[in-house]
Amino acid sequence: MNVLVVYYSMYGNLHRMAEAVAEGAKQVKDANVTLRRVPETLSQEVLAKMGALEAQKKMAHVPVCTVAELAAADAILFGTPTRFGNMCGQMRQFLDATGQLWAKGSLVGKVGSVFTSSATQHGGQESTILSFHTTLLHQGMVVVGLPYTFGGQMGIGEITGCSPYGASTIAGGKGERMPSENELAGARFQGTHVAKIAQKLA
Ligand SMILES: Cc1cc2nc3c(=O)[nH]c(=O)nc-3n(C[C@H](O)[C@H](O)[C@H](O)COP(=O)(O)O)c2cc1C
C-alpha cells in the first residue's frame, strides 16, 4: 500500500508538518510512505527577494514529485500553504498537469487528504483545504479529513491549528513560528488515519 505525501513549503513550516504526516502514515503496517515536494515555479531571484533561500536549502534533499507518482499511490496527502485563502500556485500548477490522469480515471477511488499552514489564525486555513477538496473530487478521490478523535483540535488553552478538515499550523507573519507539538500530533494523526483507510480500501 503506497502512501504519498506531497507538499510545497516556502519557509519550512509545512515541510515540518509533511514530515510529521509521513511519520504518522509509517505507523500503519505495510504502508510504503514517500515524501515529495511539488516543482518550484519561482526563480531563485524571486525566492531570494522573498527571504526563502535558506529554508529552501534545508528542503533540497526531498525529491521533486512527478505526476506518475500520483498514479502509483493508494493514498495521497497534499500539503499547501495558504495563498489568499487558497492553495499556492506551485501546487495548482502541479495539479493542473494531471489532465492525463483525470482522462484515464487514474486517481479514482484513491484516498485524498489535505493539510495546510497560514501566517495568521484566521487567514484561510479552512477555505484552503475545502477549496482543495474540489480538485480531489473532480479526480474521483475519496476525501478524508482529520476526525475529532484527534482531541487536540478541541482545546482552547493555546493557539493552535487543526480542524476536522485537516491538520494545520499557524506560521506567523514571517514564518517564524514552527509547528507546535499539538499541530505535529494532528499531522501524525492525519497520516495514520489516511493510511489506515487506504489499507482497508486496498
Ligand atoms: C502571496 C502570499 C499570500 C499569502 N496569503 C495568506 C493568507 O491569505 N492568509 C494567511 O494567513 N497567510 C498568507 N500567506 C502566508 C503563508 O501562508 C505562510 O507564509 C505559509 O503558510 C508558511 O508556510 P511555509 O513555511 O511552509 O511556506 C501568504 C503568503 C504569500 C507569499
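Above this text you will find the structure in question.
Residues numbered from 1 in each chain as written. Predicted model: local features only at pLDDT ≥ 70, side-chain atom pairs only at ≥ 80, totals over all residues. Heavy atoms only, no water.

(A) Representation of the state of the cysteines within the structure. For the structure shown, the criterion picks out 0 disulfides. Counting only cysteine sulfurs, C65 is the nearest neighbor of C88, a cysteine outside any disulfide, at a range of 13 Å. The thiol of C162 is not disulfide-bonded; the next cysteine sulfur, from C88, is found 19 Å away. (Disulfide = S-S within 2.5 Å.)

(B) Structural context of the pairing of strand β4 (residues 111-118). The element β4 is largely enclosed, with a buried count of 8 among its 8 residues. Along β4, one buried face is formed by V111, S113, F115 and S117 and the opposite face, lined by G112, V114, T116 and S118, is buried too. For strand β3 (residues 75-81) and β4, the ladder comprises 7 bridges, and the chain directions are parallel. From the neighbouring strand, G79 faces β4, where its bridge partner is F115. Across 3 bridges, the pairing between β4 and strand β5 (residues 142-144) is parallel. Within the sheet, the bridge partner assigned to S113 lies in β5 and is V144. For the segment spanning β4, helix α7 (residues 125-138) and β5, crossover handedness is right-handed. As paired strands, β4 and strand β6 (residues 168-170) are joined by 3 bridges and run parallel to one another. (Buried < 20%, exposed > 50% of the residue type's maximum accessible area, 1.4 Å probe, protein only. Helix = DSSP H or I, 4+ residues; strand = E, 2+ residues; numbered from the N terminus. Pairing = 2+ DSSP bridges. Right-handed = clockwise from strand over helix to strand, strands pointing away.)

(C) Highlighting empty space enclosed by the protein. This structure, assessed with the given rule, holds 1 cavity of 30 Å³ or more. Here the largest cavity defines a volume of roughly 30 Å³. Along the walls of the largest cavity sit L70, F78, L95, T98, L107, L136, Q139 and M141, which together make up its complete lining. For the lining of the largest cavity, the per-class residue count stands at 6 nonpolar, 2 polar and no charged. (1 Å grid on protein atoms, 1.4 Å probe; cavity = no way out; pocket = protein on both sides within 12 Å on 5 of 7 lines; lining within 4 Å. Points joined across faces, edges and corners; volume = space filled by probe spheres on them. Nonpolar A, V, L, I, M, F, W, Y, C, P; charged D, E, K, R; others polar.)

(D) A look at the packing of aromatic side chains. This model, assessed by the stated rule, comprises 2 aromatic pairs. Here F78 and F132 contribute two aromatic rings whose centre-to-centre distance is 5.2 Å and whose plane-to-plane angle is 45 degrees, an arrangement assigned as tilted. Taken together, the residues span a long stretch of sequence, with F78 in strand β3 and F132 in helix α7 at a distance of 54 residues. In this pair, the class of F78 matches that of F132, namely buried. Between F150 and F189, the ring centres sit 5.7 Å apart and the planes meet at 55 degrees, which makes this aromatic pair tilted. With F150 in the loop between β5 and β6 and F189 in helix α8 (residues 181-201), this pair connects stretches of sequence that are 39 residues apart. (Phe/Tyr/Trp six-rings, centres within 6.5 Å; stacked < 30°, edge-to-face > 60°.)

(E) Expanded view of the packing of helix α1 (residues 13-26) against α8. It is the contact of α1 with α8, at a shortest axis distance of 6 Å, that shows an interaxial angle of 45 degrees. When the interaxial angle is binned, α1 and α8 end up oblique. For the pair α1 and α8, the crossing hand works out as right-handed. Note on element contacts: α8 touches α1 through E183, L184, A187, R188, G191, T192 and A195, opposite R16, M17, A20, V21, E23, G24 and A25. (Axes fitted to C-alpha atoms, helices over the stretch in contact; angles between N-to-C directions. Parallel < 35°, antiparallel > 145°, perpendicular 65-115°, else oblique. Left-handed = near helix turned anticlockwise from the far one by under 90°. Contact = heavy atoms within 4.5 Å.)

(F) Broad picture of the site of the ligand. Residues in close proximity to the ligand total 18 residues, the closest being S9, N13, T82, S117 and G123. One of the backbone N or O atoms of M10 is found 2.8 Å from an oxygen atom in the ligand. One nitrogen or oxygen atom from the main chain of A119 is found 3.0 Å from an oxygen atom belonging to the ligand. Summarising the interface, the protein chains cover 82% of the accessible area of the ligand, which totals 640 Å² for the free molecule. At the level of secondary structure, the elements contributing two or more residues to the shell around the ligand comprise α1 and β4. (Near = heavy atom within 4 Å. Polar contact = N/O pair within 3.5 Å; in protein donor to acceptor, adjacent residues only side chain to side chain. Areas by Shrake-Rupley, 256 points an atom, 1.4 Å probe, with all protein chains shown as cover.)

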